[in-house]
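# Secondary and tertiary structure notes
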Amino acid sequence: MSTPSPAVQRLRLRTELRRARNKAGLTQRQVATKMEWHPSKLIRIEAGEVAVTVNDLKALLDEYEVTDRRKAESLLQLARGSRKMPFSEYRDVFSKEFLAFLALESSASVIRGFHFFVIPGLFQTEEYIRALAAGTAQGASLERLDRLVEARLARQELLEGDEGPQRLFMILDESVIRRQVGGPKVMRAQMERLAELAAHPRITIQILPFSVGAHQGILGPFTFFEFSEEGMPDSVYLENPRGESYASNEPEVTGKYLEAFWALEDQALVDNMSQTLRQVAAHTGEGSTDLALASSSEGE
């Protein structure tokens, strides 16, 4: 069997540590006090935001009274294997929360996403990335913008070969393909790229038209991750326009968002998607037509 990715090992470790602490009947604050840590340190470890050192892990296992030597060694191996996280070389342009997201993304076997504001990062063209960064990273130097573009393009290597997710299901609100990021020329090229990806055997792209009205995704975008490794819980990542994010693998949370995604799938367009996106590309900058009508007319 191949060695799990560092992201998977860190996720397993955080899950096991939280389970061990709960079994010991201890709160995060109680453990932090006993360890003489700032409370935020344990919170970050259990959230997977930072790695735990081998020495700190040994001390935690003592506090949790984990005496099974095989179990302890298994957790120590997870700690050693989780040190090097994906895209850690881009800490200068990505927040720790987004690096945690990328760790999930690079390890998932199935990714389901609903996007309400912009094209999914995995699908963005270089020109779209640059226009988006220039519009949102106010005051950033050209060097920083170049670095951000480089980092986002590196992320897209997941779509190449057989190392990435087995399936991607992406639902885009119609506002995503109507918003003129970078102007008509950039958006035409971006729509052509989406049309190409819609024909990929591992990728399903759907558009949620304006005519749907209110829907379960209207409060914001989310990404749902499934993993092929045994014992790995599903995870969901939530974000909002202010840059705030929240990740959870609690079943009551992930179950809610999986049901929301299925509901959005039922409402979104999927037939003839490559043709629909090429039509949008051809008419970008000329004003919008009803997407649902355009899609249905192509199938006639």
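Remember, it's a predicted structure, so these values are computed and weren't measured experimentally.

What follows is about the confidence of the model for the protein chain. Residues of the protein chain with pLDDT of at least 70 account for 91%, and the chain-wide mean is 87. Across the protein chain, the secondary-structure element scoring lowest on mean pLDDT is helix α13 (residues 291–298), at 55, and the one scoring highest is strand β2 (residues 167–173), at 97.

So, about the side chain of T15. Structurally, T15 can be placed in helix α1 (residues 6–23). According to the relative accessible area criterion, T15 is buried, its value standing at 14%. Look past the residues within four positions of T15 in its chain and what remains in contact with it is P233 and N249.

Counting 50 residues, the largest nonpolar core has F94, F123, M191, L194 and I205 as the members making the most contacts within it. The element best represented in this core is helix α10 (residues 184–198), accounting for seven residues. Look past the residues within four positions of F123 in its chain and what remains in contact with it is Q156, L159, L168, M170, Q190, R193, L194, L197, I203 and I205. Ranked by size, the runner-up nonpolar core spans 20 residues in total, among them V31, A32, L57 and A72.

An order of β3-β2-β1-β4-β5-β6 is seen for the six strands of this open sheet, with the pairing classed as mixed. At either end of the open sheet lies a strand with only one pairing partner, and these are β3 (203–208) and β6 (245–248). Looking at each pair of strands side by side, their axes are set apart by 10° on average, direction ignored. Here β2 pairs with β3 via six bridges, running parallel. Bridge pairing in β3 places F169 opposite T204. This element, helix α11 (residues 251–267), spans β1 (110–115), β2, β3, β4 (222–226), β5 (235–239) and β6 of the sheet and lies at about 70° to β1.

This next bit is on helix α7 (residues 126–136). The complete set of buried residues in α7 reads Y128, I129, L132 and A133. End-on, the buried residues of α7 take up no more than an arc of 130°, which puts them together on one face. Facing away from the buried side of α7 by more than 90 degrees, the exposed set consists of A134 and G135.

Of note, the phi angle at E36 is positive, near 60°, even though the residue is not glycine. Topologically, E36 is positioned in the loop between α2 (28–35) and α3 (39–47). Residues other than glycine seldom take positive phi values, yet E65 does so here, at roughly 55°. Relative to the helices and strands, E65 resides in the loop between α4 (54–63) and α5 (69–81).

This part is about the environment of F261. Summarising the element assignment, F261 is placed in helix α11. With a relative accessible area of 0%, F261 lands in the buried category. Spatially, the C-alpha atoms of F261 and M170 are 9.7 Å apart, while their sequence positions differ by 91 residues. Discounting residues that sit within four places of it in the chain, F261 has contacts with R112, G113, F114, F169, I171 and F222.

Turning our eyes to something else, we now look at the packing of α2 against α3. Contact geometry for α2 and α3: axes closest at 8 Å, N-to-C directions at 120°. Here α2 lies oblique to α3, going by the angle between them. Considering how the two elements wind past one another, α2 and α3 form a crossing that is right-handed. The segment α2 lies against α3, with Q28, R29, V31 and A32 engaging P39, L42, I43 and E46.

Bringing α4 into the picture now. Those residues of α4 not exposed but buried are D56, L57, L60 and L61. Buried residues along α4 cover an arc of 140° about the axis, so they all sit on one side. Facing away from the buried side of α4 by more than 90 degrees, the exposed set consists of N55 and D62. Summarising the contacts, the buried residues of α4 are in contact with α1, α2, α3 and α5. Backbone geometry just downstream of α4 places E65 in the positive-phi region, at approximately 55°.

Moving on, we come to the pairing of β1. Of all six residues in β1, six are buried; the element is thus mostly enclosed. Burial of β1 is two-sided: the residues V110, R112 and F114 facing one way and the residues I111, G113 and H115 facing the other way are all buried. In this structure, β1 lies alongside β4, joined through five bridges in antiparallel fashion. What sits directly across from R112, in β4, is F224.

Rules used throughout
- Residues numbered from 1 in each chain as written.
- Predicted model: local features only at pLDDT ≥ 70, side-chain atom pairs only at ≥ 80, totals over all residues.
- Heavy atoms only, no water.
- pLDDT = per-residue confidence, 0-100.
- Helix = DSSP H or I, 4+ residues; strand = E, 2+ residues; numbered from the N terminus.
- Buried < 20%, exposed > 50% of the residue type's maximum accessible area, 1.4 Å probe, protein only.
- Contact = heavy atoms within 4.5 Å.
- Core = buried A, V, L, I, M, F, W, Y, C linked by side-chain atoms within 4.5 Å.
- Pairing = 2+ DSSP bridges.
- Axes fitted to C-alpha atoms, helices over the stretch in contact; angles between N-to-C directions.
- Arc of directions from axis to C-beta.
- Parallel < 35°, antiparallel > 145°, perpendicular 65-115°, else oblique.
- Left-handed = near helix turned anticlockwise from the far one by under 90°.

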